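Fold and contact review
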Amino acid sequence: MYALDALKSMKIGEVLQVIADCPQSFRSVPEEAVKHGYQLLTEPQRVNQDIYFYIKVVR
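Residues numbered from 1 in each chain as written. Predicted model: local features only at pLDDT ≥ 70, side-chain atom pairs only at ≥ 80, totals over all residues. Heavy atoms only, no water.

What about the nonpolar core?
Ranked by size, the top nonpolar core spans 14 residues in total, and within it L7, L16, V18, Y38, F53 and I55 carry the most contacts. Sorting the residues of this core by element identifies α1 (2–8), β1 (15–20), α2 (25–35) and β4 (50–56) as the ones contributing at least two each. The contacts of F53, once residues within four sequence positions are left out, are L16, Q17, V18, A20, S25, F26, V29, P30 and P44. (Core = buried A, V, L, I, M, F, W, Y, C linked by side-chain atoms within 4.5 Å. Buried < 20%, exposed > 50% of the residue type's maximum accessible area, 1.4 Å probe, protein only. Helix = DSSP H or I, 4+ residues; strand = E, 2+ residues; numbered from the N terminus. Contact = heavy atoms within 4.5 Å.)

Have a look at this one:
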């Protein structure tokens, strides 16, 4: 997952916006983010085919 690579290079307090179009990402992105110690700021939001995630670096 490219988002995890991006999160590794970010500073504490920064937020990454992830936009996905794969229906499976609705579950997998939040699970992986939390599993790796990041914070999901809001529930995933669907806009047409796209799913938006906001992930905060907390460590």
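Looking at α2
Among all positions in α2, only S25, V29, P30 and A33 are buried. Projected down its long axis, α2 shows its buried positions confined to an angular sector of 115 degrees, all on one face. Opposite the buried face of α2, at more than 90 degrees from it, the exposed residues are R27, V34 and K35. Of the surrounding secondary structure, the elements contacted by the buried residues of α2 are β1, β2 (39–40) and β4. After α2 finishes, the residue G37 shows a positive phi value of roughly 90 degrees. (Arc of directions from axis to C-beta.)

Remarks on the packing of aromatic side chains
The geometry of an aromatic ring pair comes down to the distance between the two centres and the angle between the two planes. Under the defined criterion, the tally for this structure stands at zero aromatic pairs. Here the basic side chain of R46 rests over the ring of F26, its NZ or CZ set 4.6 Å away from the ring centre. The ring of Y38 carries the charged tip of R59 above its face, separated from the ring centre by 5.3 Å. (Phe/Tyr/Trp six-rings, centres within 6.5 Å; stacked < 30°, edge-to-face > 60°. Lys NZ or Arg CZ within 6 Å of the ring centre and 35° of its normal.)

Examining unusual backbone geometry
For N48, which is not glycine, the phi dihedral falls at a positive 55 degrees. With respect to the helices and strands, the residue N48 is situated in the loop between β3 (45–47) and β4. With relative accessibility at 73%, the residue N48 sits in the exposed group.

Thoughts on the pattern of salt bridges
Inspection of the entire model under this criterion finds two salt bridges. The salt bridge involving E31 is made with R27; its shortest N-O contact spans 3.9 Å. Of this pair, E31 and R27 both sit in helix α2, four residues apart, which is roughly one turn of that helix. Measuring nitrogen to oxygen at the nearest pair gives 3.7 Å for the salt bridge that ties K35 to E32. (Salt bridge = Lys/Arg side-chain N within 4 Å of Asp/Glu carboxyl O.)

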